[in-house]
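So you can see what is in the structure, the chains are spelled out below.
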Amino acid sequence: AKDAAGNSTTSTVVTVTVSNTTPDTTPPTVSLTAPANAATVSGSVNVTANAADNVGVASVQFQLDGANVGTLDTASPYAFTWDTTKASNGTHKLDAIAKDAAGNSTTSTIVTVTVSNVAPTFGISGTISPTTGGAGATVALSGAASATTTASSSGSYTFTGLANGTYAVTPSHTGFTFSPTVQPATVNGANITGLNFTATQVPQTFSISGTISPTAGGSGATVTLSGTAAATTTTNSSGSYSFTGLANGSYSVTPSNSGFTFSPANQSVTVNAANVTGVNFTGSVQTHSVLLTWNASTSSVAGYNVYRSTVSNSGFAKMNSSLVNGLTYTDAAVQAATTYFYMTTAVDSSNNESTDSNEVSVTLP
């Protein structure tokens with residue numbers, strides 16, 4: 001500034017910046033490049049995106065089911081590793097949000113994927129020894145899962161595909177016992193090995209069986225076994241019988257039942273590594289009679305009387321309805337397993353009877 005006298009003054013300098021550019025209102029572009037839409041994923045998955053802006057991309061934020069996931073990515077390449085095992089199996093949605101320095105933002109098209117993770121599985125294995133008892137043995141698994149397998153020719157067995165949990169392993173094989181009989185096993189994130197068993201052979205035994213018919217003679221009959229082993233059994237109501245727990249050897253089987261005879265009377269049986277069946281008998285009603293004979297009287301007689309009792313020296317009753325003319329008499333009215341006592345007298349023509357003869361006895365089978 002100057003006055004009329006020519007005096008002048010310069011003001012303090014003011015510094016300004018001239019900026020005549022247009023404001024940034026253009027949002028960035030962004031799209032997911034992996035995984036593909038409708039893909040099925042498992043385990044660790046690399047999620048990637050492309051983003052661009054007319055001025056510059058400031059950041060990219062990935063989202064899973066609408067929630068931020070991974071760290072804010074401020075530089076290309078835009079990506080994060082997704083651990084799908086931390087998500088539930090099923091459908092999930094992925095997207096990405098890109099922003100520029102002016103605050104403009106864009107959300108990508110949603111990519112839908114299906115998470116399908118199979119839970120890790122483990123195994124239980126062991127050996128049954130010796131191989132005579134282990135080879136071909138059946139091994140049963142129970143508890144958190146059930147399964148059955150057959151031991152190999154070396155006695156080894158394995159169960160696979162098992163989830164964590166508590167199990168029990170039980171071996172079996174005809175003719176063998178096992179120690180221990182069963183073993184518990186808890187699977188907890190690792191395979192279980194060395195679950196072993198020891199097999200002990202049990203002496204093999206067999207049986208002899210058959211039927212006694214008809215049931216009248218067979219039911220309740222006594223059957224006796226002799227030979228390599230001895231035993232006695234009683235037939236059931238249908239006449240069947242059985243001897244079990246028999247070793248190889250030679251045997252004889254004999255039936256008996258009061259009032260019956262049997263055909264054959266007994267049978268020889270050889271047990272040779274197999275059960276013997278069909279050792280059958282036929283029972284018949286047993287009939288008894290007693291034939292009495294005596295010496296002739298030295299006197300002249302018209303005939304003889306026959307007396308019988310079941311008690312010695314008393315209780316005798318006459319058997320014949322008329323005089324016996326000969327010197328023999330058959331008593332057919334007797335019962336099995338009974339003892340009888342007999343005596344005779346002589347009778348003359350005047351019906352005079354002599355004193356009693358000597359007493360004889362007979363016991364019927």
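Novice: An account of the sheet that holds strand S11 (residues 138–143) is requested, with residue identities and associated values reported.
Specialist: Spatially, 4 strands are ordered S12-S11-S14-S16 in an open sheet, and the strand pairing comes out antiparallel. In this open sheet, the two edge strands, each paired with only one partner strand, are strand S12 (147–150) and strand S16 (183–187). Going across the sheet, the axis of each strand differs from the next one's by a mean of 25°, ignoring polarity. Where S11 meets S12, 4 bridges bridge the pair, whose relative direction is antiparallel. Among the inter-strand pairings, alanine 140 is bridged to a residue of S12, identified as threonine 148.

Novice: Now, about the pairing of strand S18 (residues 206–213): what can you tell me, with residues and values included?
Specialist: The element S18 is extensively covered by neighbouring structure, given that 6 of its 8 residues are classed as buried. Two elements, S18 and strand S21 (residues 240–246), share 5 bridges in a ladder whose sense is antiparallel. The residue of S21 that forms the bridge with glycine 210 is tyrosine 241. In this structure, S18 lies alongside strand S25 (residues 281–285), joined through 2 bridges in parallel fashion. Opposite serine 213, over in S25, you have threonine 282 as the bridge partner.

Novice: Pulling in residues and values, what's your account of the pairing of strand S26 (residues 290–293)?
Specialist: Of the two faces of S26, the one holding Val290 and Leu292 is buried and the one holding Leu291 and Thr293 is not buried anywhere. Pairing between S26 and strand S29 (residues 328–331): 4 bridges, direction antiparallel. Paired with threonine 293 across the two strands is threonine 328, which belongs to S29.

Novice: Any details on the sheet that holds strand S20 (residues 231–234)? Residues and values, ideally.
Specialist: Strand order in the open sheet formed by 4 strands is S20-S19-S22-S24, with antiparallel pairing between adjacent strands. Since the sheet does not close on itself, it has two edges, and those belong to S20 and strand S24 (267–271), each with one partner. When the angles between neighbouring strand axes are averaged without regard to direction, this sheet yields 25°.

Novice: With reference to specific residues and values, describe the pattern of salt bridges.
Specialist: Scanning the model with the defined rule gives 1 salt bridge in all. Here aspartate 331 ties to arginine 308 by a salt bridge, and the two come within 2.8 Å at their closest N and O atoms. With a gap of 23 residues between them, aspartate 331 in strand S29 and arginine 308 in strand S27 (residues 303–309) connect regions that are remote in the sequence. Aspartate 331 sits in the buried class, given a relative accessible area of 1%.

Novice: Quick rundown of the side chain of glutamine 61? Include the residues and the values.
Specialist: Residue position: glutamine 61 is located in strand S4 (residues 57–64). Engagement of the side chain of glutamine 61 in a polar contact is seen with the backbone oxygen of valine 69, the distance being 3.3 Å. If near-sequence neighbours (up to four positions away) are discounted, glutamine 61 is found in contact with Asn68, Val69, Gly70, Thr71, Leu72, Asp95, Ala96 and Ile97.

The rules behind each value
Residues numbered from 1 in each chain as written. Predicted model: local features only at pLDDT ≥ 70, side-chain atom pairs only at ≥ 80, totals over all residues. Heavy atoms only, no water. Pairing = 2+ DSSP bridges. Helix = DSSP H or I, 4+ residues; strand = E, 2+ residues; numbered from the N terminus. Axes fitted to C-alpha atoms, helices over the stretch in contact; angles between N-to-C directions. Buried < 20%, exposed > 50% of the residue type's maximum accessible area, 1.4 Å probe, protein only. Salt bridge = Lys/Arg side-chain N within 4 Å of Asp/Glu carboxyl O. Polar contact = N/O pair within 3.5 Å; in protein donor to acceptor, adjacent residues only side chain to side chain. Contact = heavy atoms within 4.5 Å.

Geometric values such as these leave the question of function open.
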